[in-house]
Amino acid sequence: MNRFKASRFRHAVAKPARKEAWIRDVRAGSTTSCGNHIKSSCHLIAFNADSAGVLGIVPLESQDGGKRAVSQLCCHSDVVTDFDFSPFDALLLATGSADETVKVWRLSESGQDLPSCPGVTLGSAGCRVETLQFHPTADGVLVSGAGSTAKVWDVVQQKPLTALEPHSDLIQSVSWKQDGALLGTSSKDKKLRIFDPRTKPAAVQSIQGHENNKDSRLLWMNASDYVLSIGFSQMREREVKLWDTRRFSSSLVSFVLDTSSGAAIPLLDPDTGLLVVAGKGENLLYCFEVCPSLPALTQVTQCLTEGKAKGAALVPKRALDVMSCEVLRVLQLTDSFIVPISYTVPRKSLQEFHEDLFPDSSGPVPAVSAQGWWAGDNKQVEKMSLNPARRPQKNFTSCLCPPARREEPAPPTTQQPAIRSGDVDSSEGSGLSSPPSSLSSPSSSAPSLSTTSPSPSQKSLQSILGPSSKFRHTLGTVLPRGTHITNLKGLNLTTPGESDGICANRLRVAVPLLSAGGQIAVLELSKPGRLPDTSVPTIENGTPVADFCWDPFDLQRLAVAGDDAKIRLWRIPPGGLQETLLEPEAVLRGHTEKIYSLKFHPLAADILASSSYDMSVRIWDLQAGREELCLRGHRDQIFSLAWSPDGRKLATVSKDGRVRVYVPRQSPEPEQEGPGPEGGRGARLVWVCGGRYLLVSGFDSRSERQLYLSDAASLAAGPLAVVSIDTAPSTLIPFYDPDTSVVFLTGKGDTRVFVYELVPEAPFFLECNSFASSDPHKGFVFLPKTECDVREVEFARALRLRQNSIEPIAFRVPRVKKDYFQDDIYPATAVCWEPALPAAAWRAGTNGQHRTISLQPRDMTPVSAAPQEAPTRKYVPASVYLEEKSDEQKKEELLSAMVAKLGNRDDPLPQESFEGVDEAEWD
């Protein structure tokens, strides 16, 4: 610095917040990209979560000092590489991803109730998006770097204004000049480039910046002609350089930081010239003051943090505590926390605003529109004072994604209103999150299958609020640790997407292991606890496992499909595996390529269906050990297959976007065919509502996860209803409970289980509380209904496969009268563990049906037969407590109470007991 003028920031102190102020429950991801992995606006913080395609959203400031809740924004089908908040609209977030798209989202100020669909989706970039940044003066202008090409977008028009000349290698950073005229980039080809996007797509200047092609960054110094770059030297030393773009042949100043290998994250405050440099995977933050006029790059302070940084971000100047002389605030992202670090300048007086520390900063209102800027308008953003007494209270809302308007409910009418998108009732709070969903349901084509007639008052209420589910308050609970199976080692987490990755019956659970020969561990559910450190007995399949499932009528038989196009049947001893099984009970041969999935017949014994890469579905008679039927007609990969509840039909969904229904005993060709999911990432299907409808989970053309409900009798008409869930890479696996008509949906690698009750008339989907876990599950499977504890109103029980354990989850409905059997939740259930007919009878055309049993314990009375309690008054009349008194009596009581508080007037005053001086001493 100038020796005749000391820096006003020379005494700046970096102070991490106390642990109580850290943001917890973060679960940051380990994304490899050129982004900072965390960004902040004046209201919200966004960061890379541990699930692909998901960002964590949390408020910047806590309300009344309370805990800040972290929400998840499922925004892309692949890794989110970079994201940026608008400098004008604090709730507008742009995201870029490895799925080659850029999306713009409108968030809520609370960080909750996040959208399931973006406001704007910009077209495919052709390759992975690496960097993006909003324009500093124009609303609706965004630059993105994908591969070796940078594009400037008009977000309102959803089209690129220009594509800059391709670089020789990957673009590692983009940066707008503060006046919005020029754009700088750094690239893996070691060059720094300056572009004037409105003049020509070619670079107006370029120079070799750093001698190593490892991650480099470029930053503009305010609206001046100076830029900062940070990268690695030929000796792999991290270095910071200051450049003058008017003399771009060499750097003005070069400063070597250290020899660390972590990519540097530079955070620059253009108003003060303070530069903070954080390193990925490090716990040391450097702070410099950059003074281009000297030129000089002077270190101010260092800060050693407790955790290692995965990312870092600056809080906007408008959100700083300026009256405490806070000149910077850095947010450090670690594995489990976000740590705020304040940079303050000690001053004697904290009662006044210090103008020298806080020069005027850019305001929150854009200067021009996208089209105005592109036409050549160089108007600048109006500056604003950071002095709280003179700061203008302006809030700008961008037109890119207008906030949704809350519509007033229509008055009740005698006719049922048409079902529209969003008419599904949101579940009332029970502490669990219920994601927003967009519902499209053509009411004109919805069949009216209801058999009960609600009362007029119920109809009036439903016309306003919409129907609600009796399962809307479903509570998912992890059972005590004593019921868990722990110390599970060597899991195979790369099973094909068509496989659930875990299967279970009421006795055992099977999981694949990551070892040669396709091993499967079979664990007894009656023996929970910690598994031994030594290897457990397994099934040695001999080839990698593609799918596997238990025979529902023979609890000792496990069918396993392999990559070698063979199906092996294994028999487990009654007491469980005591030694490794090497020889299967039988081997089925017929498919010519790898098998996708296996499904046992729901009614007939020894009948198994399988689908394969040879685009055929084969039906096997296990008793005879041979193929009986072969179904054709698929033109692409078969994603999933499902038997109808009566066992007469078989449905499939395939990659060609078609859903097909077969009657196997009548024809090998499909009986019906209709449209299915548009996306080709994967799909599942299940028969629901007694076999009347087919529920298909898949992806749309924008890789958003959706549910499609189709009439099984008229597939060609298309789906009756479509529900958008979220954006995530894994296929939703549906688990349907025919007794309650509740469907549970989750995917491998998800942290949430979505719950819906399906009804046979519009709106079809009734949303219930979802279950959220702290870490992603590797598999999810449900147990038979007989395993539920009806005394706790448990209507479903599942097993959740974690990284090294299996934990049971109980889904319960809160009820007041738990002493009674809830017969409205527990209808007679099918005896699904006994076959209704043998294989030969089914092949001959015979149909059967399961017998049913009641789940009611003998010592419980049905709630429908519970004695009716006499109605009691909720509130006791006031006359019971207060007698009627005259006004004079009330006045006397009030005066007596006041006098009692003042004390007795005859009591001596305290000063009367004091001893004074003698009278003679006054003279």
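Thresholds, definitions, all that
- Residues numbered from 1 in each chain as written.
- Predicted model: local features only at pLDDT ≥ 70, side-chain atom pairs only at ≥ 80, totals over all residues.
- Heavy atoms only, no water.
- Helix = DSSP H or I, 4+ residues; strand = E, 2+ residues; numbered from the N terminus.
- Contact = heavy atoms within 4.5 Å.
- Areas by Shrake-Rupley, 256 points an atom, 1.4 Å probe, with all protein chains shown as cover.
- Core = buried A, V, L, I, M, F, W, Y, C linked by side-chain atoms within 4.5 Å.
- Buried < 20%, exposed > 50% of the residue type's maximum accessible area, 1.4 Å probe, protein only.
- Phe/Tyr/Trp six-rings, centres within 6.5 Å; stacked < 30°, edge-to-face > 60°.
- Lys NZ or Arg CZ within 6 Å of the ring centre and 35° of its normal.
- Pairing = 2+ DSSP bridges.
- Axes fitted to C-alpha atoms, helices over the stretch in contact; angles between N-to-C directions.
- pLDDT = per-residue confidence, 0-100.
- Patch = residues over 30% accessible without salt bridge, like charges linked within 9 Å, V, L, I, M, F, W, Y side chains within 5 Å.
- Salt bridge = Lys/Arg side-chain N within 4 Å of Asp/Glu carboxyl O.
- Polar contact = N/O pair within 3.5 Å; in protein donor to acceptor, adjacent residues only side chain to side chain.

Of the regular secondary structure elements, the chain holds 4 helices and 66 strands. Sequence-distant contacts, at least 24 apart, represent 54% of the contacts inside the chain between residues at least 6 apart. Just so you have it, the chain exposes about 42,200 Å², and 49% of that area is on carbon and sulfur atoms.

Counting residues in each nonpolar core, the largest one holds 43 residues, and the members touching the most others are Val330, Ile338 and Tyr343. For this core, the secondary-structure elements that each account for two or more residues are β3 (44–48), β23 (264–269), β24 (274–279), β25 (284–291), β26 (296–304), β27 (311–314), β28 (326–333) and β29 (338–344). A per-element tally of this core places β28 first, with 5 residues. If we skip the residues at most four places from it in the chain, Tyr343 touches Val13, Ala14, Val276, Leu285, Cys287, Thr301, Cys303, Cys325, Glu326, Val327, Leu328 and Val330. With 24 residues, the next largest nonpolar core counts Phe735, Val755, Phe821 and Leu855 among its residues.

Inspection of every chain in the model, using the stated rule, returns 21 aromatic pairs. Between Trp373 and Trp374, the ring centres sit 6.0 Å apart and the planes meet at 40°, which makes this aromatic pair tilted. For Trp373, a relative accessible area of 0% translates into the label buried. Consider the rings of Phe471 and Phe795, whose centres lie 5.0 Å apart with planes at 45°: the pair is tilted. Of this pair, Phe471 sits in the loop between α2 (456–465) and β34 (475–478) while Phe795 sits in strand β63 (residues 794–801), and the two are 324 residues apart along the sequence. For the pair Phe471 and Phe795, a shared accessibility class is recorded, and that class is buried. Within the aromatic cluster, the residues linked to one another by ring pairs are Phe471, Phe735, Phe744, Phe771, Phe780, Phe782, Phe795 and Phe811. Against the face of Phe699 rests Arg681, its NZ or CZ located 5.5 Å from the ring centre.

Sheet strands pair by backbone hydrogen bonding; their relative direction is either parallel or antiparallel. Pairing in this open sheet of 4 strands is antiparallel, and the strands run β1-β29-β28-β27 from one edge to the other. Edge positions in the sheet fall to β1 (13–16) and β27, since each has one partner strand and no second. When strand polarity is set aside, the average angle formed by the axes of neighbouring strands in this sheet is 25°. Here β27 runs beside β28; their pairing, made up of 4 bridges, is antiparallel. Across the sheet, Ala313 pairs through a bridge with Leu331, a residue of β28.

Reading predicted coordinates in detail is not appropriate for stretches of low pLDDT. Averaged over every residue, the pLDDT of the chain is 85; the share at 70 or more is 88%. Low pLDDT, under 50, characterises residues 406–464; the stretch is placed with 101 contacts to residues that sit more than four places away or in other chains.

What follows is about the environment of Ile485. Within the secondary structure layout, Ile485 lies in strand β35 (residues 485–486). Ile485 sits in the buried class, given a relative accessible area of 4%. Here the alpha-carbon distance between Ile485 and Leu525, two residues 40 residues apart in the chain, equals 8.2 Å. Sequence-distant contacts of Ile485, that is, excluding residues within four places in its chain, are made with Val509, Leu523, Glu524, Leu525, Pro528, Gly529, Leu531, Asn804, Ser805 and Ile806.

Along the polypeptide, Ser526 turns up in the loop between β38 (519–524) and β39 (529–530). Note on Ser526: relative accessible area 60%, which makes it exposed. As for Ser526 and Arg508, which are separated by 18 residues in sequence, their C-alpha atoms are 8.0 Å apart.

Within strand β17 (residues 191–195), 4 of the 5 residues are buried, leaving the element largely enclosed by the surrounding structure. Pairing of strand β16 (residues 183–187) with β17, which is carried by 4 bridges, proceeds in the antiparallel orientation. Bridge pairing in β17 links Thr185 to Arg193. In textbook terms, the turn of a hairpin is the stretch between consecutive antiparallel strands, and for β16 and β17 this stretch comprises 3 residues, one of which, Lys190, has a positive phi near 75°. Bridge count for β17 against strand β18 (residues 203–208) is 5 bridges, and the pairing is antiparallel. Bridging across to β18, Lys191 finds its partner in Gln208.

Strand order in the open sheet formed by 4 strands is β6-β7-β8-β9, and the pairing between neighbours is antiparallel. If you trace the sheet from one side to the other, it starts and ends with β6 (80–85) and β9 (120–122), each paired once. Mean inter-strand twist for the sheet, computed between neighbouring axes without regard to direction, equals 20°. In this structure, strand β8 (residues 102–106) lies alongside β9, joined through 3 bridges in antiparallel fashion. From the neighbouring strand, Lys103 faces β9, where its bridge partner is Thr121.

The omega angle of the peptide bond from Ala762 to Pro763 is 10°, so this bond is cis rather than trans. Mapped onto the secondary structure, Pro763 falls in the loop between β59 (752–758) and β60 (765–767). Even without a glycine there, the phi angle at Cys325 is positive, about 60°. For Cys325, the location among the structural elements is in the loop between β27 and β28. The backbone phi angle of Ser741 is positive, close to 60°, even though this residue is not glycine. Tracing the sequence through the fold places Ser741 in the loop between β57 (733–737) and β58 (742–746). For Ser741, a relative accessible area of 12% puts it in the buried group.

Before going further, it helps to spend a moment on a nonpolar patch on the surface. Together, Leu894, Leu895 and Met898 give the surface a local cluster of nonpolar side chains, amounting to about 300 Å² of exposed area. Tracing the backbone shows Leu895 in helix α4 (residues 887–902). Given the relative accessible area of 45%, Leu895 is considered partly exposed.

Before going further, it helps to examine the side chain of Asp258. With respect to the helices, strands and loops of the structure, Asp258 is situated in strand β22 (residues 253–258). Here the side chain of Asp258 touches Ser260 through a polar contact of 3.2 Å, landing on its backbone nitrogen. Excluding anything up to four places from it in sequence, Asp258 contacts Glu237, Arg238 and Tyr286.

Next up on the list: the pattern of salt bridges. Considering all chains together, one arrives at 58 salt bridges under this definition. Among the salt bridges present, the one from Arg658 reaches Glu673, with a minimum N-O distance of 3.2 Å. Highlighted residues: Arg658 in strand β51 (residues 658–662) and Glu673 in strand β52 (residues 672–675), separated in sequence by 15 residues. Residue class for Glu673 comes out partly exposed when judged on its relative accessible area of 24%. Salt bridges sharing partners connect three or more residues here, namely Lys177, Asp179, Asp225, Asp244, Arg246 and Arg247.

On to the environment of Trp373, then. Here Trp373 shows up in helix α1 (residues 370–374). Separated by 193 residues in sequence, Trp373 and Gly180 place their C-alpha atoms 8.7 Å apart. Ignoring any residue separated from it by four or fewer positions in sequence, one finds Trp373 in contact with His135, Thr137, Ala138, Val141, Val152, Leu161, Trp176, Gly180, Pro197, Arg198 and Val368.

The subject of this paragraph is the side chain of Gln519. Tracing the backbone through its elements, the reader meets Gln519 in strand β38. Taking the relative accessible area as the measure of exposure, Gln519 reaches 19% and is therefore buried. Looking at Gln519, its side chain comes within polar contact range of the side chain of Glu540, at 3.3 Å.

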